[in-house]
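One-letter residues, chain by chain:
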Amino acid sequence: MYEYLVGLVTYVSPFYIVLEVAGVGYKLQLANPFRLQVSTTKPQKVYVFQAIRDNDMTLFGFTSLAEKQLFEKLLKVSGIGPKSALAILANNDHAGLINAIQGDDIGYLTKFPGVGKKTAQQIALDLKGKLGDLATTGTLAGQQQIELPADEGNDYLTESLAALQALGYKATEIKRIRPALKEFTADSTDAYLSEALRLLMKR
């Protein structure tokens, strides 16, 4: 129904953003909401996928058409739902993801939350050789509550940890990389989240 929306980002959280279009606020779930920033003057284009299940309707947002297309391809894999697909796309290394699929790198694919060996094998089986038609315009950037200690004085780190739990990573996984993140220095939540995902993929 929707291809994309253009509007002002009025709210960003670890779980979703609100995009105001012509006076209407759309709640969009993104793989990494912190790629976008709140602005009252700069309109943003966000590609949209609408999912309808039973009595629930959810809008998923993407920063490029290629990212949206990759999400749609992942949804066609048996065992992959929207939450798992978002968790996979949250990692900035989308080229690494595509290479893993093309090369049957099951170990790489099982590092994502909610992806076991069987599902990883299914991803490779279903998508190998089928990712060459992703849009060339734009780039690939590639909910359970978990009690995690707040990091006083570092809102970026605290928000990135909350974003990880929204993506489905286990508390033990998040706590394992937290010490390394505390040593990391950056000036945005997006940077902290990108580093966290990089550390998680090294396990």
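Here is what the cut-offs are and how they apply
- Residues numbered from 1 in each chain as written.
- Predicted model: local features only at pLDDT ≥ 70, side-chain atom pairs only at ≥ 80, totals over all residues.
- Heavy atoms only, no water.
- Buried < 20%, exposed > 50% of the residue type's maximum accessible area, 1.4 Å probe, protein only.
- Helix = DSSP H or I, 4+ residues; strand = E, 2+ residues; numbered from the N terminus.
- Phe/Tyr/Trp six-rings, centres within 6.5 Å; stacked < 30°, edge-to-face > 60°.
- Lys NZ or Arg CZ within 6 Å of the ring centre and 35° of its normal.
- Pairing = 2+ DSSP bridges.
- Axes fitted to C-alpha atoms, helices over the stretch in contact; angles between N-to-C directions.
- Parallel < 35°, antiparallel > 145°, perpendicular 65-115°, else oblique.
- Left-handed = near helix turned anticlockwise from the far one by under 90°.
- Contact = heavy atoms within 4.5 Å.
- Nonpolar A, V, L, I, M, F, W, Y, C, P; charged D, E, K, R; others polar.

A. A look at helix α3 (residues 94-102). Within α3, burial applies to His-94, Gly-96, Leu-97, Ile-98, Ala-100 and Ile-101. Of the residues trailing α3, Asp-104 is marked for its positive phi of about 55°.

B. Local environment of the packing of aromatic side chains. What the rule picks out here adds up to eight aromatic pairs. For the pair Tyr-4 and Tyr-47, a centre-to-centre distance of 5.7 Å together with 65° between the ring planes defines the contact as edge-to-face. Taken together, the residues Tyr-4 in strand β1 (residues 4-12) and Tyr-47 in strand β4 (residues 44-53) connect sequence positions 43 residues apart. The ring of Tyr-16 is capped by Lys-27, whose NZ or CZ atom sits 4.5 Å from the centre of that ring. A cation over a ring is seen here: Lys-45 above Tyr-4, with NZ or CZ 4.3 Å from the ring centre.

C. Highlighting the pairing of β1. Note that β1 and β4 share four bridges and pair antiparallel. Residue pairing in the sheet places Leu-5 in a bridge with Val-46 of β4. Two elements, β1 and strand β2 (residues 17-21), share four bridges in a ladder whose sense is antiparallel. In the sheet register, Val-12 faces β2, and the bridge partner there is Ile-17. Hairpin connection of β1 to β2: four residues between the antiparallel strands.

D. Region of the structure containing the packing of helix α7 (residues 171-182) against helix α8 (residues 189-201). Where α7 meets α8, the axes come as close as 10 Å, and the angle between the chain directions of the two elements is 120°. With respect to α8, the element α7 is oriented oblique. Remark: the crossing between α7 and α8 carries right-handed chirality. Of the residues in α8, those touching α7 at Glu-173, Arg-176, Ile-177, Ala-180 and Leu-181 are Tyr-192, Glu-195, Ala-196, Leu-199 and Leu-200. Along the lines of polarity and charge, the residues of the contact of α7 with α8 split into seven nonpolar, no polar and three charged.

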